[in-house]
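Secondary and tertiary structure notes
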Amino acid sequence: MRYFSTRGVGPVSLDDALRLGIASDGGLFLPETLPHFDLAEFDGAQTIPAVAHVLLQPFFAGSALAGDLDSILAETFSFPIPATPLPAGGRDVSLLELYHGPTVAFKDVGAGFLAACLSRLEGDIENPLTILVATSGDTGGAVAAAFDQRPGMRVVVLFPDGRVSERQAHQLCCWSDNVISLKVQGAFDDCQALVKGAMADPELSRRHRFSSANSINIGRLLPQSTYYADASIRHFRRTGHKPGFIIPTGNLGNAFACIMAREMGLPIGPVILATNANRTIADYFETLEWLPRASLQTLASAMDVGDPSNMERLRHLVGDADVLRDQLGVLSVTDEQIETSIRQDFRDFGFATCPHTATATHTWRQLDPELASRHDWILVATAHPAKFETIVEPLIGTAVPVPPELEALLSRPAKSISVEPTLASLATVLE
Ligand SMILES: *Cc1c(COP(=O)(O)O)cnc(C)c1O
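Just so it is clear, the structure is predicted and the values come from calculations on it, not from any experiment.

This paragraph deals with the site of the ligand. In the region of the ligand, 14 residues are neighbours, and Lys107, Asp138, Gly250, Asn251 and Thr382 sit closest. A distance of 3.1 Å separates an oxygen atom of the ligand from a polar atom in the backbone of Gly253. In the environment of the ligand, an oxygen atom lies 2.9 Å from a nitrogen or oxygen atom belonging to the backbone of Asn254. The fraction of the free accessible surface of the ligand (390 Å²) that becomes covered by protein chains is 97%. For the shell around the ligand, the residue count by class is five nonpolar, seven polar and two charged.

This is the structure in structure tokens:
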């Protein structure tokens, strides 16, 4: 399979698309064509790795990793991704729990797959690859967990000191010696500027062989499409219906993976994006004008994106807003509605949802009744609520039990280095 940038550069191999992350023209890599599947091709596939093998094999054609696909998938899907039925008044509604990975958020899937691929392509003990990752919370932990203890790979996590929760900070700083956690004395934007500055600095990048693991890498999207394939196939086998999906959305990576799966012929019905108060996508569908903007801070902080970069992929694959809005729904959810939804989820389901997941449960409750009853629905849960306990616990009035994965991280010792937001301080630490 050959890959091209959304802006035209290419072709490149899968291996180079994984190494590069972003194309040299600033565009995002997409496969030249999407394979199309008949359901029967998945007949023997009863587990996520088995479904993933069928789905992803064409994307690895010609890759140096083709023979390693099964071991890559076994590493990536080392935890379950169940769809749990919800009490929904006799309707068929379930919650797709993407939060059973090492850092209890869905980004573990993409980060784990990318790490499994890159360590096989690049793991050079003499001359390690340095992965730089700026994070406002979830991404850095998932990337650190995925690359932890991998020979020939070093991760540098940059996060804004004092602006992530205590539990979040801990899971950014509790790794082995090949993960360096930097508390930057500044904001998330400073962290991002440092990563960009270091990668653009000829002297530094010669010395350190940099790469990044941010969400625009095609290696994060491919594995994400497999849990949509698996969940929709299971649902279809059980009921004969194509389920609709409601997906908490920020940078549009997770939802894009679902749309990609639908384009490949998987039994997926309507797809609805649930965003927080960052209205860029909602306004685009309404006015047909793409107006990226600065992000607003909300309770669903991992979705605070004002310029969702995967929209470029979506427009390339499907079309502009006039086409897109016939194929996708979108609802922008306010912080107040997130709070109400967390309370109501706890009352109705008997367990708490995280603020991101609560945008999806709110969106489901707001569906037009006719649309709601015409389909079965799968609501996507992107993180475990125990990770956002300072928001969730006061709303439900009780403690959220900490899952064993998170407990394991919180009981490890944590260490970090405090740095000024300057390239010179970053350069010193990198030595
Ligand atoms: C990153 C993240 C999202 C948003 O996913 P995108 O792929 O950026 O749309 C939603 N929820 C959680 C918990 C996240 O970490």
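Moving on, we come to the sheet that holds strand E6 (residues 153-160). Here we have five strands laid out as an open sheet, ordered E8-E5-E6-E7-E13, and parallel in their pairing. What marks the edges here is a single partner per strand, and that holds for strand E8 (210-212) and strand E13 (417-419). Neighbour to neighbour, the strand axes of the sheet diverge by 30° on average, direction disregarded. Across six bridges, E6 lies against strand E7 (residues 179-184) in parallel orientation.

Below, the discussion takes up the nonpolar core. Counting 92 residues, the largest nonpolar core has Phe60, Tyr228 and Phe245 as the members making the most contacts within it. When residues of this core are assigned to their parent elements, the largest contribution, nine residues, is made by helix H4 (residues 107-122). With near-sequence residues (within four places) excluded, Phe245 lies in contact with Leu96, Tyr228, Ala231, Ser232, Cys258, Ile268, Pro270, Val271, Ile272, Trp377, Ile378 and Val380. Ranked by size, the runner-up nonpolar core spans 19 residues in total, among them Ala105, Met303, Val333 and Phe388.

A word on the sheet that holds strand E10 (residues 271-275). Spatially, six strands are ordered E3-E4-E12-E9-E10-E11 in an open sheet, and the strand pairing comes out mixed. Two strands lie at the open edges of the sheet, namely strand E3 (83-85) and strand E11 (328-332), each paired on one side alone. The average angle at which neighbouring strand axes cross in this sheet is 25°, direction not considered. Pairing of E3 with strand E4 (residues 93-97), which is carried by three bridges, proceeds in the antiparallel orientation. Counted as the bridge partner of Ala83 is Leu96 from E4. In this fold helix H9 (residues 218-239) packs onto E4, strand E9 (244-248) and strand E12 (377-381), with an angle of close to 150° to the strand it touches most, E9.

On inspection of all chains with the given rule, the structure shows seven aromatic pairs. Relative to Phe245, the ring of Tyr228 lies with its centre 5.3 Å away and its plane at 80°, an arrangement referred to as edge-to-face. In this pair, Tyr228 sits in helix H9 while Phe245 sits in strand E9, placing the two residues 17 residues apart along the sequence. Assessed through its relative accessible area of 0%, Tyr228 is described here as buried.

Buried residues dominate E7, accounting for five of its six residues. Each parallel crossover has a hand, and for E6 linked through helix H6 (residues 166-172) to E7 it is right-handed. Relative to E13, E7 runs parallel, the two being bridged by three bridges. Directly across from Leu182, in E13, lies its bridge partner Ile417.

Attention shifts here to helix H5 (residues 138-147). The element H5 is extensively covered by neighbouring structure, given that 10 of its 10 residues are classed as buried. Those residues of H5 lying buried are Asp138, Thr139, Gly140, Gly141, Ala142, Val143, Ala144, Ala145, Ala146 and Phe147. Taken together, the buried residues of H5 touch H4, strand E5 (129-134), E6, H6, E7 and H9. Count one or two residues on from H5 and you reach Gln149, which has phi positive near 65°.

On to the environment of Gly26, then. Mapped onto the secondary structure, Gly26 falls in the loop between helix H1 (14-20) and strand E2 (29-31). For Gly26, a relative accessible area of 26% corresponds to the partly exposed category. Taking the C-alpha atoms as reference, Gly26 lies 8.8 Å from Thr6; in sequence the two are 20 residues apart.

Now for unusual backbone geometry. Cis peptide bonds are those with omega within 30 degrees of zero, and the linkage from Gly10 to Pro11 qualifies with 0°. Checked against the element boundaries, Pro11 lands in the loop between strand E1 (3-5) and H1. The phi torsion at Val104 lies on the positive side, around 50°, for a residue other than glycine. Summarising the element assignment, Val104 is placed in the loop between E4 and H4.

Orientation of helix H2 (residues 48-56) relative to helix H3 (residues 69-76), taken along the N-to-C sense of each, is 135°, at an axis distance of 10 Å. As judged from the angle between their axes, H2 and H3 are oblique. Classified by chirality, the crossing of H3 by H2 is right-handed. Every residue of H3 that contacts H2 at Pro49, Ala52, His53 and Leu56 is listed here: Leu69, Asp70 and Leu73. The residue makeup of the contact of H2 with H3, split by class, is five nonpolar, one polar and one charged.

The rules behind the values
- Residues numbered from 1 in each chain as written.
- Predicted model: local features only at pLDDT ≥ 70, side-chain atom pairs only at ≥ 80, totals over all residues.
- Heavy atoms only, no water.
- Near = heavy atom within 4 Å.
- Polar contact = N/O pair within 3.5 Å; in protein donor to acceptor, adjacent residues only side chain to side chain.
- Areas by Shrake-Rupley, 256 points an atom, 1.4 Å probe, with all protein chains shown as cover.
- Nonpolar A, V, L, I, M, F, W, Y, C, P; charged D, E, K, R; others polar.
- Pairing = 2+ DSSP bridges.
- Helix = DSSP H or I, 4+ residues; strand = E, 2+ residues; numbered from the N terminus.
- Axes fitted to C-alpha atoms, helices over the stretch in contact; angles between N-to-C directions.
- Core = buried A, V, L, I, M, F, W, Y, C linked by side-chain atoms within 4.5 Å.
- Buried < 20%, exposed > 50% of the residue type's maximum accessible area, 1.4 Å probe, protein only.
- Contact = heavy atoms within 4.5 Å.
- Phe/Tyr/Trp six-rings, centres within 6.5 Å; stacked < 30°, edge-to-face > 60°.
- Right-handed = clockwise from strand over helix to strand, strands pointing away.
- Parallel < 35°, antiparallel > 145°, perpendicular 65-115°, else oblique.
- Left-handed = near helix turned anticlockwise from the far one by under 90°.

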